[in-house]
Amino acid sequence: MSLNTEALPKSQEVTASPEAAPQPWEPRIVGFACNWCTYAGADLAGLSRLQYPPSIRLIRVPCSGRVNPQFVIRAFQRGADGVLVAGCHPGDCHYSTGNYFTRRRFLLMQRLLEYMGMDPRRFQARWISGSEGPKFQQTVTQMTEDIKALGPNRKMRDVE
Amino acid sequence: MADKLKFAFYWNASCGGCEIAVLDIHEKILDVAALADILLWPVAVDFKKHHIRDLPDKHIDVSFINGGTRTSEQREMAELLRRKSKVVVAFGACASLGGIPSLANFHNREEIFQRAYIETPSTDNPKGIFPQVKTALPEGDLELPLFFNHVYRLDQVIAVDYYLPGCPPTPDMIAAAVTAIAGNSLPPAGAVFGGPSTVCDSCKRVKQEKKVKGFHRIHEIIPDPERCLLEQGIICAGSATRDGCGTLCLNANMPCRGCFGPPDGVADQGAKLLSVLSTVVDSNDFGEIEKLIDQIADPAGYLYRFAAASSLLKHKLTGDGKSTVQAAERSQLEVAK
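Residues numbered from 1 in each chain as written. Chains lettered and ligands numbered in written order. Predicted model: local features only at pLDDT ≥ 70, side-chain atom pairs only at ≥ 80, totals over all residues. Heavy atoms only, no water.

Engineer: What is the right way to read the overall build of chain B from this model?
Structural biologist: Across its full length, chain B carries 13 helices and nine strands. Over its C-alpha trace chain B gives a radius of gyration of 22 Å, about what one expects of a compact globule, namely 20 Å for 337 residues. Considered along the principal axes of its C-alpha atoms, chain B spans approximately 65 × 55 × 35 Å. Going through the 337 residues of chain B one by one, you find that 51% of them count as buried. Sequence-distant contacts, at least 24 apart, represent 73% of the contacts inside chain B between residues at least 6 apart. Taking the average location of the 36 positive side-chain charges in chain B and that of its 41 negative ones, the two points are 2 Å from each other. (Helix = DSSP H or I, 4+ residues; strand = E, 2+ residues; numbered from the N terminus. Rg over C-alpha atoms; globule rule 2.2 N^0.38 Å. Buried < 20%, exposed > 50% of the residue type's maximum accessible area, 1.4 Å probe, protein only. Contact = heavy atoms within 4.5 Å. Lys, Arg positive; Asp, Glu negative; His and termini not counted. Charge placed at Lys NZ, Arg CZ, Asp CG, Glu CD.)

Structure follows, in structure tokens:
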């Protein structure tokens, strides 16, 4: 399967009028959000009408500990510019220790990706509780800005 | 004897251990010789490439090919044997998964050449000469095979019918495979000779709770021979590795290194092992976790020791962000398919 980056923004080409300037590149971030905290936090951000860049695609997982390292690698391969894994604060895990597991795995995973040549800022883990709508907003805004500065991730995606 | 089976053995990017493994079936080699004619086996018999080229297509019953594919010559031989064979078996970890040679996929061709032909202490190369595909000399052009930027496992180059993993495959497995072929009782195409589960499943060691306060390399401690090695802080790939080897390394008080590749249902052995290692770290404190993880020297090497060519990571990401496998090389491979 070819993941040609040039082929992706086709829908924009169709909608844009001929005179319109080409759409600026927007980062695509895949966010794995735990059902019990971060997903609720994201929901709260939405309910509170907090504005944040539309760059994140949230995937609800039962626990941040559910995020298999293969998911992260696959996300980068299929065109993600950044990956965010977010779950409950330490001590608050619905399953008592899942987020501690995430923390350990994240550190090792980040080391591996860094060794492979990936900028570590593209792969982040955060603790966002169900009441932290503003934190979710800030996290997504910050990460979008960071990744905008880094530019599109072309490193893994066209390999397949 | 006209109804004898016809075998071929060939080696690509490998160490030669797989060839020795064939001989390790000891006196059973006589049974093999009794039931099969060996048409190609560079390490032991004197048939050349042109002998194979002159055979009719599908003449060879089974080709056992070991080693990863690093050069254009190796690809050519693999393609030739595929054409001339009814069945191709990827023999050993390198052919099945990429093996140790594919760890070079964490570097690119330029880095490898730089290291091998300039930097190594034993190299004396003041003119900075690198191997060339073609060198013009007064006597004529000299040619060398193209050194790919990437090491491929066999099924990325040609169609493969069966896999015999292991570094090297064990004599029992080889005997079982040859017996299955001779007795015409072959498993479904694409099958891996080996167990369906993990090495941990067949490991006899006592397994209790896995909580580790420090990782050790094998030369640093003398482990308890009865207890799970991972629990003793030695990185053992058993939980992310297919069984069928008879836990040979663990019987010798050495950790599993993962040469059988991932078990059924796992796409990426290294990613799985990474998850395992992060479960056993016994700390919830960020600083302490960092210290413990720092004790894992060379994570990429540990996690993907035998399966780098099969990993989702595929290749070291180069600085220019371009495709890590060179486009020309890929199109060549695709044409070949």
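Having seen the structure, we can now continue with the description.
Engineer: Explain the sheet that holds strand β5 (residues 85–91) of chain B to me, please; I cannot follow it from the model alone.
Structural biologist: The strands that make up a sheet pair up through hydrogen bonds in the backbone, lying either parallel or antiparallel. Residue and element names in this part refer to chain B. The parallel open sheet is built from five strands, whose spatial order is β2-β1-β3-β5-β9. Each edge of the open sheet is held by one strand with a lone partner, namely β2 (36–40) and β9 (162–164). Taken pair by pair, the neighbouring strands of this sheet meet at an average axis angle of 25°, ignoring direction. Note: strand β3 (residues 60–66) against β5, six bridges, orientation parallel. From the neighbouring strand, Ile60 faces β5, where its bridge partner is Ser85. Sitting on the sheet, helix α4 (residues 72–84) touches β1 (5–11), β2, β3 and β5, and the angle it makes with β5 is about 135°. (Pairing = 2+ DSSP bridges. Axes fitted to C-alpha atoms, helices over the stretch in contact; angles between N-to-C directions.)

Engineer: Got a minute to help me understand the domain arrangement of chain B in this structure?
Structural biologist: Interface size is commonly expressed as the accessible surface area that is lost when the partners come together. Looking at chain B, the domain boundaries give domain 1 (5–100 + 149–182), domain 2 (111–148) and domain 3 (199–297). Each of domain 2 of chain B and domain 3 of chain B has a C-alpha centre, and the two are 40 Å apart. (Domains from an automatic or database assignment.)

Engineer: So what exactly am I meant to see when it comes to helix α4 (residues 98–115) of chain A here?
Structural biologist: Under the 1.5 Å per step criterion, the end-to-end length of α4(A) is 26 Å for 18 residues, consistent within 8% with the ideal 26 Å. Just past α4(A), the residue Gly117(A) takes up positive phi, approximately 105°. (Expected span 1.5 Å × (residues − 1).)

Engineer: What am I meant to see in the confidence of the model for chain A here?
Structural biologist: Any segment with low pLDDT has predicted coordinates that should not be analysed in fine detail. Averaged over all residues, the pLDDT of chain A equals 84, while 82% of them reach at least 70. Here residues 1–18 of chain A is a poorly scored stretch, pLDDT under 50, and it has 14 contacts once near neighbours within four places are set aside; other chains count. (pLDDT = per-residue confidence, 0-100.)

Engineer: Please clarify how the pattern of salt bridges should be interpreted in this entry.
Structural biologist: Residues and elements named next belong to chain B. This structure, assessed with the given rule, holds 18 salt bridges over all chains. Taking the shortest distance from any N to any O, the salt bridge between Arg75 and Glu79 comes out at 3.7 Å. Of this pair, Arg75 and Glu79 are both found in helix α4, four residues apart, which corresponds to roughly one turn of the helix. For Arg75, a relative accessible area of 13% puts it in the buried group. A salt bridge links Lys213 to Glu288; the shortest N-O distance between them is 3.2 Å. Of this pair, Lys213 sits in the loop between α8 (199–202) and α9 (248–251) while Glu288 is found in helix α11 (residues 286–294), placing the two residues 75 residues apart along the sequence. (Salt bridge = Lys/Arg side-chain N within 4 Å of Asp/Glu carboxyl O.)

Engineer: What is the right way to read the packing of aromatic side chains from this model?
Structural biologist: This structure, assessed with the given rule, holds 17 aromatic pairs over all chains. For the pair Tyr52(A) and Phe136(A), a centre-to-centre distance of 5.3 Å together with 85° between the ring planes defines the contact as edge-to-face. Pair noted here: Tyr52(A) is in the loop between α2 (38–47) and β2 (56–61) and Phe136(A) is in helix α5 (residues 133–150), with a separation of 84 residues, a long-range link. The exposure class assigned to Phe136(A) is buried, which follows from its relative accessible area of 0%. Geometrically, the ring pair formed by Phe64(B) and Phe91(B) is edge-to-face, given 5.9 Å between the ring centres and 90° between the ring planes. Placement of the pair is Phe64(B) in strand β3 and Phe91(B) in strand β5, with a sequence separation of 27 residues. Through a chain of ring-to-ring contacts, the aromatic side chains of Phe7(B), Phe9(B), Trp41(B), Phe64(B) and Phe91(B) assemble into a single cluster. (Phe/Tyr/Trp six-rings, centres within 6.5 Å; stacked < 30°, edge-to-face > 60°.)

Engineer: For this particular structure, what's the right way to read the side chain of Arg104(A)?
Structural biologist: Mapped onto the elements, Arg104(A) comes out in helix α4. For Arg104(A), which is buried and forms no salt bridge, the nearest opposite charge comes from Asp282(B), at a distance of 6.3 Å. Setting aside chain neighbours within four positions, we find Arg104(A) in contact with Ser278(B), Thr279(B), Val281(B), Ser283(B), Asn284(B), Ile289(B) and Ile293(B).

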